[in-house]
Amino acid sequence: MKLSARNQFKGTVKSVTEGAVNGIVTIDIGGGNVMSATISMSAIKELGLKPGVPATAIVKATSVMVGVD
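We now turn to the structure provided with this report. Since this is a predicted model, take the numbers as computed values, not measurements.

### Notes on the layout of surface pockets
When its volume is computed, the largest pocket comes out at roughly 410 Å³. Lining the largest pocket we find 16 residues, and of these Ile27, Ala37, Thr56, Ala57 and Ile58 sit closest to its centre. Within the residue set of the lining of the largest pocket, elements represented by two or more residues are β2 (22-30), β3 (33-40) and β4 (54-59). Among the elements that line the lining of the largest pocket, the one with the most residues is β4, at six residues. When grouped by side-chain class, the residues that make up the lining of the largest pocket number 14 nonpolar, two polar and no charged.

### With respect to the environment of proline 51
Position of proline 51 relative to the elements: it lies in the loop between α1 (41-47) and β4. Judged by its relative accessible area of 55%, proline 51 falls in the exposed class. Residues proline 51 and isoleucine 24, 27 residues apart in the sequence, show an inter-C-alpha distance of 12 Å. Here proline 51 is in contact with Val13, Lys14 and Ser15, once residues within four sequence places are set aside.

### Notes on the sheet that holds β4
Here we have four strands laid out as an open sheet, ordered β3-β2-β1-β4, and antiparallel in their pairing. Each of the sheet's edge strands pairs with one partner strand only, and the pair in question is β3 and β4. Between one strand and the next, the sheet's axes are offset by a mean angle of 45°, whatever the strand orientation. Pairing geometry for β2 and β3, over eight bridges, is antiparallel. Note that in β3 the partner of threonine 26 across the bridge is serine 36.

### Quick word on the pattern of salt bridges
Opposite charge on two side chains allows them to pair when their charged atoms are near. Summed over the entire model, instances satisfying the criterion amount to one salt bridge. Where lysine 45 meets glutamate 18, a salt bridge forms, and the shortest distance between an N and an O atom there is 3.9 Å. Taken together, the residues lysine 45 in helix α1 and glutamate 18 in strand β1 (residues 7-18) connect sequence positions 27 residues apart. For the pair formed by lysine 45 and glutamate 18, the shared burial category is exposed.

### Description of the nonpolar core
Formed by Val13, Val25, Ile27, Met41, Ile44, Leu49, Val53, Ala55 and Ala57, the largest nonpolar core amounts to nine residues. In this structure, valine 53 is in contact with Gly11, Thr12, Val13 and Gly48, ignoring residues within four places of it in sequence.

Reading the values: rules and limits
- Residues numbered from 1 in each chain as written.
- Predicted model: local features only at pLDDT ≥ 70, side-chain atom pairs only at ≥ 80, totals over all residues.
- Heavy atoms only, no water.
- 1 Å grid on protein atoms, 1.4 Å probe; cavity = no way out; pocket = protein on both sides within 12 Å on 5 of 7 lines; lining within 4 Å.
- Points joined across faces, edges and corners; volume = space filled by probe spheres on them.
- Helix = DSSP H or I, 4+ residues; strand = E, 2+ residues; numbered from the N terminus.
- Nonpolar A, V, L, I, M, F, W, Y, C, P; charged D, E, K, R; others polar.
- Buried < 20%, exposed > 50% of the residue type's maximum accessible area, 1.4 Å probe, protein only.
- Contact = heavy atoms within 4.5 Å.
- Pairing = 2+ DSSP bridges.
- Axes fitted to C-alpha atoms, helices over the stretch in contact; angles between N-to-C directions.
- Salt bridge = Lys/Arg side-chain N within 4 Å of Asp/Glu carboxyl O.
- Core = buried A, V, L, I, M, F, W, Y, C linked by side-chain atoms within 4.5 Å.

Written out as structure tokens, the structure reads:
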């Protein structure tokens, strides 16, 4: 698979939290770091995502915001 996104983090699915429409997939990318993404349940099933499966987190965003007081 070739993508234009340069921020690609190979790892292993740590957990999948299923919801009615969407689920949260957490990927362990090593070094004590994890990334999470909310994706559709149909995508989770189509990709066969479950704990232990190798996966790549691909980040392509114009901005990411996090704030605390």
